[in-house]
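Listed here are the chains, written in short residue letters.
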Amino acid sequence: MNLDTTLNADLHCHSVVSDGTLTPEALAERAKAAGVELWSLTDHDEIGGQQRAIDAARALGLPYLTGTEISVTFAGRVVHIVGLGFDHTSVELAEGLRATRGGRGERAREMAASLAAVGIHGAFEGALKYVGNPELISRTHFARFLVDAGHCADVPEVFRRFLTEGKPGFVPHRWATLRDAVGWITRAGGIAVIAHPGRYDFTPTEEYALITEFIAHGGRGIEVVTGSHTVAEFQSYAETATEFGLLASRGSDFHCPEESRVDLGSLPPLAARLEPVWAALADRIH
Ligand code: AMP
Ligand code: MN
Ligand code: MN
Ligand code: MN
């Protein structure tokens, strides 16, 4: 199998096991139909969909890497760490993710109370209707409720008016530590990757701290080409990857046909000078 930068790898997307709207099986079919050559399902804080994704990919002859996207609190902000190519039967990883998911139910009730204070009632029950996995109730499910109930025109408007710092429905939360998230992935035989670095409002100094601490904990990769980046960020994070000696990753972050700007397998390839994360995971491909 060719594992250079021209491979159409899509190593970031979400199913109903977290906040996507398609099943792992439907995503596998969509990836295959879109020409994806190496796929990973990276549900938030969950690996409950991994065996289904492995089986569905195998049935389609679609090479697959195990995946997850872990919510981390770093310097008081939320950072996402993608894990790729780990042993999905790792007990330490499963337990760590279970603990990370732990406070979501209570947080969701507090989010609903905060929305009720501005006159939006029934948000908890409303959001729950969109949830596939009750342990994974997320802001995305609240966003779908707010759109369908007519409070906002679309999901981006929700995140401009609600659910983010200083806005109704925002509830601060303590997620996993960077050290733990990178450690769980690495000790399960996988590679930890900083997800969509361009999405954090970090200063250059804060970004430097994130990357150097991530590497100190054993992190090895960074997303360069992602649905969350602009074309300019494809360039600037390619430089970051080179500068820090990080493996480069590529993924759409696809959640939903109606909501996602970028479909599976549709982004440009990684720059040829980069070292793709999948070349380092050749022996982990299902
Ligand atoms: P949570 O893990 O519950 O805090 O929810 C985070 C999820 O909300 C992310 O994984 C995205 O799917 C979604 N999200 C966050 N910010 C935005 C945004 N500005 N536009 C659309 N979706 C967003
Ligand atoms: Mn999401
Ligand atoms: Mn993310
Ligand atoms: Mn994601």
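Residues numbered from 1 in each chain as written. Chains lettered and ligands numbered in written order. Predicted model: local features only at pLDDT ≥ 70, side-chain atom pairs only at ≥ 80, totals over all residues. Heavy atoms only, no water.

As a matter of local geometry, ligand 1 sits amid Asp19, His44, Arg104, Arg107, Ser138, Arg139, Thr140, Val155, Phe159 and His255. Between ligand 1 and Asp19 there is a distance of 3.0 Å, counted from an oxygen atom to a side-chain nitrogen or oxygen. For ligand 1, an oxygen atom lies 3.0 Å from a polar atom in the side chain of His255. In the complex, the protein chains occlude 77% of the 500 Å² of accessible area that ligand 1 would expose alone. Among the elements of the structure, helix H4 (104–116), helix H6 (139–148) and helix H7 (155–161) are those that each provide at least two residues to the shell around ligand 1. For the shell around ligand 1, the two domains that each supply at least three residues are domain 1 (9–100 + 175–284) and domain 2 (104–161). (Near = heavy atom within 4 Å. Polar contact = N/O pair within 3.5 Å; in protein donor to acceptor, adjacent residues only side chain to side chain. Areas by Shrake-Rupley, 256 points an atom, 1.4 Å probe, with all protein chains shown as cover. Helix = DSSP H or I, 4+ residues; strand = E, 2+ residues; numbered from the N terminus. Domains from an automatic or database assignment.)

Right, let's get into the packing of aromatic side chains. Applying the stated criterion to the full structure yields four aromatic pairs. Consider the rings of Phe74 and Phe202, whose centres lie 6.3 Å apart with planes at 80°: the pair is edge-to-face. With Phe74 in strand S3 (residues 67–74) and Phe202 in the loop between strand S5 (191–194) and helix H9 (204–216), the pair connects residues that are 128 residues apart, well separated along the chain. Of the two residues examined, Phe74 and Phe202, each falls in the buried class. Ring geometry for Tyr208 against Phe244: centres 5.9 Å apart, planes inclined by 55°, an arrangement best described as tilted. Of this pair, Tyr208 sits in helix H9 while Phe244 is found in helix H10 (residues 231–244), placing the two residues 36 residues apart along the sequence. A connected cluster of aromatic rings, assembled from ring pairs, spans Phe74, Tyr200 and Phe202. Here Arg109 stacks its cationic end above the ring of Phe124, 4.0 Å away from the centre of that ring. (Phe/Tyr/Trp six-rings, centres within 6.5 Å; stacked < 30°, edge-to-face > 60°. Buried < 20%, exposed > 50% of the residue type's maximum accessible area, 1.4 Å probe, protein only. Lys NZ or Arg CZ within 6 Å of the ring centre and 35° of its normal.)

The next thing to look at is the domain arrangement of the protein chain. On domain assignment, one finds that the protein chain holds domain 1 (9–100 + 175–284) and domain 2 (104–161). Facing the 14 residues of domain 1 at the interface are ten residues of domain 2. Carbon and sulfur atoms make up 46% of the surface buried where domain 1 meets domain 2, a total of about 920 Å² over both sides. When the area that domain 1 buries against domain 2 is broken down by residue, the three leading residues are Asp19, Trp175 and Glu259, summing to 46%. Viewed at the interface, domain 2 and domain 1 are joined by two salt bridges. In this structure, the salt-bridge partner of Glu259 is Arg144, at a minimum N-O distance of 2.7 Å. Summed over the shared surface of domain 1 and domain 2, the result is seven residue pairs in polar contact (both at pLDDT 80 or more). The residue makeup of the side of domain 1 that touches domain 2, split by class, is four nonpolar, six polar and four charged. (Contact = heavy atoms within 4.5 Å. Buried area = accessible area lost by both parts, 1.4 Å probe. Salt bridge = Lys/Arg side-chain N within 4 Å of Asp/Glu carboxyl O. Nonpolar A, V, L, I, M, F, W, Y, C, P; charged D, E, K, R; others polar.)

Of all six residues making up strand S6 (residues 221–226), six are buried, and the element is well covered by its neighbours. In the sheet, S5 pairs with S6 via two bridges, with the strands oriented parallel. Within the sheet, the bridge partner assigned to Val193 lies in S6 and is Gly221. Following the backbone out of S5, through H9 and into the adjacent parallel S6, one traces a crossover that is right-handed. Relative to strand S7 (residues 247–251), S6 runs parallel, the two sharing five bridges. Within the sheet, the bridge partner assigned to Glu223 lies in S7 and is Ser249. Between S6 and its parallel partner S7, the chain crosses via H10, and the hand of that crossover is right-handed. (Pairing = 2+ DSSP bridges. Right-handed = clockwise from strand over helix to strand, strands pointing away.)

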